[in-house]
Amino acid sequence: LASWTRVFDGRVARRADADEDLLPLALASASPAGESWLVRWLARPHDLGRPFNTSGLMMVAASGSHRVRGLALARIGEVSTAPAVHAFLLDRLVQEPDPDLLAATVSSIRRFQEPGLAEALVALTRRSEPVVRRAAVDAMARVPGGTVDARLLQLTGDDPDGKVRRKARKAIRERARAQR
């Protein structure tokens with residue numbers, strides 16, 4: 001290991017605010033030590049009152065290895081409901097080429113009830129990858145709107161994947177229960 005990677009070792013004592021220095025270094029290093037540090041950093045609780053933590057999560061979710069990006073996308077949806085995070089996740093829905101990471105993004109964004117979400121999810125149900133369509137249908141169960149209802153109804157009979165059809169039926173039942 002290069003000597004500078006020792007800073008990523010969790011056993012080495014460091015300043016409390018060292019994350020602000022180490023996060024860009026870990027991303028830039030693209031090394032196993034940097035990736036290990038990023039995974040540990042993502043697993044820790046984050047004080048989202050500090051702008052660095054929210055921007056850091058978004059930075060990690062937009063770059064890094066496949067594994068780290070997936071963890072960051074899942075984590076950011078769990079810990080933040082900030083409008084900037086919603087905008088970031090909507091942007092990732094459009095830009096993310098990897099189906100697994102796109103499904104993780106959909107799972108994260110499902111907590112938000114912001115404008116543009118229904119249209120983005122309906123568009124994702126037209127993708128060719130079943131994992132993306134399944135994640136979109138799961139998220140649509142909580143999103144209000146007539147276009148969502150119509151698309152879910154259409155998916156119950158037209159989707160080539162049986163799991164998507166079952167999830168669409170389940171989402172329709174959940175939506176009906178929520179309206180009572």
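Residues numbered from 1 in each chain as written. Predicted model: local features only at pLDDT ≥ 70, side-chain atom pairs only at ≥ 80, totals over all residues. Heavy atoms only, no water.

Draft legend 1. The overall build of the protein, seen in detail. Scanning the protein for helices and strands turns up 10 helices and zero strands. Each helix and strand of the protein, ordered N terminal to C terminal, gives the series α-α-α-α-α-α-α-α-α-α. Per-residue burial for the protein yields a buried fraction of 45% across its 180 residues. Long-range pairs, those at least 24 residues apart, make up 56% of the contacts in the protein with a sequence separation of at least 6. (Helix = DSSP H or I, 4+ residues; strand = E, 2+ residues; numbered from the N terminus. Buried < 20%, exposed > 50% of the residue type's maximum accessible area, 1.4 Å probe, protein only. Contact = heavy atoms within 4.5 Å.)

Draft legend 2. Main features of the pattern of salt bridges. Tallied over the full model, the rule gives eight salt bridges. In this structure, Glu35 and Arg67 form a salt bridge, with 3.5 Å as the shortest nitrogen-oxygen distance. Taken together, the residues span a long stretch of sequence, with Glu35 in helix α2 (residues 32–43) and Arg67 in helix α4 (residues 66–79) at a distance of 32 residues. Each of Arg69, Arg92 and Glu96 takes part in salt bridges that share partners, so that together they form one network. (Salt bridge = Lys/Arg side-chain N within 4 Å of Asp/Glu carboxyl O.)

Draft legend 3. Layout of the packing of aromatic side chains. In total, this model carries one aromatic pair according to the counting rule given. Ring geometry for Trp37 and Trp41: centres 6.3 Å apart, planes at 15 degrees, overall stacked. With Trp37 and Trp41 both in helix α2 and four residues apart, the pair spans about one turn of that helix. On the basis of relative accessibility, which here comes to 0%, the residue Trp41 falls in the buried class. (Phe/Tyr/Trp six-rings, centres within 6.5 Å; stacked < 30°, edge-to-face > 60°.)

Draft legend 4. Broad picture of helix α1 (residues 19–29). What α1 keeps buried is the set Asp19, Leu22, Leu23, Ala26, Leu27 and Ser29. The arc enclosing the buried residues of α1, seen along the axis, measures out at 165 degrees, which places them on a common side. Phi turns positive, to about 50 degrees, at Ala30, one or two residues after α1. (Arc of directions from axis to C-beta.)

Draft legend 5. Unusual backbone geometry, seen in detail. The phi dihedral of Ala30 is positive, around 50 degrees, even though this residue is not glycine. Summarising the element assignment, Ala30 is placed in the loop between α1 and α2. Looking at Ala30, the relative accessible area reads 70%, which means it is exposed.

Draft legend 6. Quick peek at the environment of Arg126. Tracing the sequence through the fold places Arg126 in the loop between α7 (117–124) and α8 (130–140). Judged by its relative accessible area of 55%, Arg126 falls in the exposed class. Considered as a pair, Arg126 and Asp159 are 33 residues apart in the sequence and their alpha carbons are 9.2 Å apart.

Draft legend 7. Summary view of the side chain of Ser108. Along the polypeptide, Ser108 turns up in helix α6 (residues 99–109). Judged by relative accessible area, Ser108 falls into the buried class, the value being 3%. Aside from chain neighbours lying at most four places away, what touches Ser108 is Leu73, Ala74, Gly77 and Leu89.

Draft legend 8. Broad picture of helix α5 (residues 83–95). The terminal C-alpha atoms of α5, which comprises 13 residues, lie 18 Å apart, in line with the 18 Å expected from a rise of 1.5 Å per residue. By the burial criterion, the buried members of α5 are Val85, His86, Phe88, Leu89, Leu90, Arg92 and Leu93. (Expected span 1.5 Å × (residues − 1).)

Draft legend 9. Quick peek at the packing of α1 against α2. Between α1 and α2, the shortest axis-to-axis distance is 8 Å and the interhelical angle comes to 135 degrees. As summarised for this structure, α1 and α2 are arranged oblique, according to the angle between their axes. You can see that α1 and α2 cross each other, and the crossing is left-handed. Each of Asp19, Leu22, Leu23, Ala26, Leu27 and Ser29 in α1 lies in contact with α2, whose residues at this interface are Gly34, Trp37, Leu38 and Trp41. Here the contact of α1 with α2 is composed, by residue class, of seven nonpolar, two polar and one charged. (Axes fitted to C-alpha atoms, helices over the stretch in contact; angles between N-to-C directions. Parallel < 35°, antiparallel > 145°, perpendicular 65-115°, else oblique. Left-handed = near helix turned anticlockwise from the far one by under 90°. Nonpolar A, V, L, I, M, F, W, Y, C, P; charged D, E, K, R; others polar.)

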